[in-house]
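One-letter residues, chain by chain:
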Amino acid sequence: AQSVTQPDIHITVSEGASLELRCNYSYGATPYLFWYVQSPGQGLQLLLKYFSGDTLVQGIKGFEAEFKRSQSSFNLRKPSVHWSDAAEYFCAVGTQGGKLIFGQGTELSVKP
Amino acid sequence: GAVVSQHPSWVICKSGTSVKIECRSLDFQATTMFWYRQFPKQSLMLMATSNEGSKATYEQGVEKDKFLINHASLTLSTLTVTSAHPEDSSFYICSAADGTANTDTQYFGPGTRLTVL
């Protein structure tokens, strides 16, 4: 069955520290992968997406993600976290008909 | 570009009344629009997929007679929650895509907070 797993429900990092949010997927075909960010009470904003080609994808706000087919993973990274990065992060896989299957989300808190 | 708006941003209604939520793509034509429901601290649950000019496709377990979806134009989809009850209180989010391929990016609206008293 198609699914997306984000193992970490909540992560806290210090401002300026590096960040890695984990995402694992289960999908039979070539996965099309997305990372979205949601601020409290808001909709989702696309951070980056992977369709094909270079497995290291650059996104907005200094985020990047690496697709590793052997590990069925698409982890999101940022070298230096800012307080404004505190939000909920969702990993998703695109399926037939354009539907998205979302992971459970990871809440990021940033310590000053 | 790729802006999606929702109206209203929040609504409070009495039990038994109906509420309509609009979703508009402001700067592109949305072949497909999606409606999601999100409970506090949880992920998005896809409710239905709507294509312009055709009937919406509902996900399993979603009552199509309760959640009426209309996609009358390439820039507007509406979700009507009929005979709303307190358990329908939730955050409803729409998204729009300019195609139906699984590579198409969905652009999300800011969401509508529905509270049913």
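For the structure, see preceding data.
All chains use their own residue numbering, which begins from 1 and follows the written sequence. Working convention: letters from A go to chains and numbers from 1 go to ligands, in the order in which they are written. This being a predicted model, a pLDDT of at least 70 is required before a residue's local features are given, and a value of 80 or more before pairs of side-chain atoms are given or counted; all residues contribute to the totals for chains, interfaces and linings. Remark: hydrogens and water are excluded; side-chain values derive from all non-hydrogen atoms of the structure.

Notes on the interface of chain A and chain B
In this complex, chain A contributes 24 residues to the contact, which on the side of chain B involves 22 residues. Here the quantity called buried area is the accessible surface, traced with a 1.4 Å probe, that two parts lose on coming together, added over both. Carbon and sulfur atoms supply 54% of the area buried between chain A and chain B, which totals about 1800 Å² over both sides. Only one rule defines a salt bridge in this text: a Lys or Arg side-chain nitrogen within 4 Å of an Asp or Glu carboxyl oxygen. Viewed at the interface, chain B and chain A are joined by one salt bridge. The closest approach of N and O atoms between Glu59(B) and Lys99(A), which form a salt bridge, is 2.8 Å. Whenever a nitrogen or oxygen atom comes within 3.5 Å of another N or O atom, the pair is scored as a polar contact, on the condition that within protein one atom can donate a hydrogen and the other can accept it, and that pairs from neighbouring residues in sequence are kept only if both atoms are in side chains. Remark: the boundary between chain A and chain B carries seven residue pairs in polar contact (both at pLDDT 80 or more). Each helix is a run of DSSP H or I of at least 4 residues and each strand a run of E of at least 2, with the numbering of both proceeding from the N terminus. Those elements giving two or more residues to the side of chain A that touches chain B turn out to be strand S5 (32–38), strand S6 (44–50), strand S10 (87–94) and strand S11 (100–102) of chain A. With four residues, S5(A) is the largest single contributor of residues to the side of chain A that touches chain B. By definition in these notes, contact holds between two residues if any of their heavy atoms fall within 4.5 Å.

A look at the pairing of strand S8 (residues 64–68) of chain A
All names here are of chain A. Think of it this way: DSSP has to see at least two bridges between two strands before they count as a pair. Taken together, the three bridges between strand S7 (residues 56–58) and S8 define a ladder with antiparallel strand orientation. Bridged to Leu56 within S8 is Glu66. The antiparallel pairing of S7 with S8 creates a hairpin that spans five residues between the two strands, and Lys61 there sits at a positive phi of about 60°. Taken together, the five bridges between S8 and strand S9 (residues 73–78) define a ladder with antiparallel strand orientation. In the sheet register, Glu64 faces S9, and the bridge partner there is Arg77. Linking S8 back to S9 in an antiparallel pair, the connection comprises four residues, with Ser72 at a positive phi of about 50°.

With respect to the side chain of Thr105(B)
Relative to the helices and strands, Thr105(B) is located in the loop between strand S9 (90–97) and strand S10 (107–108). The rule is simple: take the accessible area with a 1.4 Å probe, protein chains only, and divide by the maximum for that residue type; under 20% is buried, over 50% is exposed, in between is partly exposed. Since its relative accessible area comes to 5%, Thr105(B) is described here as buried. One polar contact links Thr105(B) to Lys49(A), side chain to side chain, over a distance of 2.8 Å. Not counting residues within four places of it along the chain, the set of residues in contact with Thr105(B) comprises Phe34(A), Tyr36(A), Leu46(A), Lys49(A), Phe51(A), Ala96(B) and Ala97(B).

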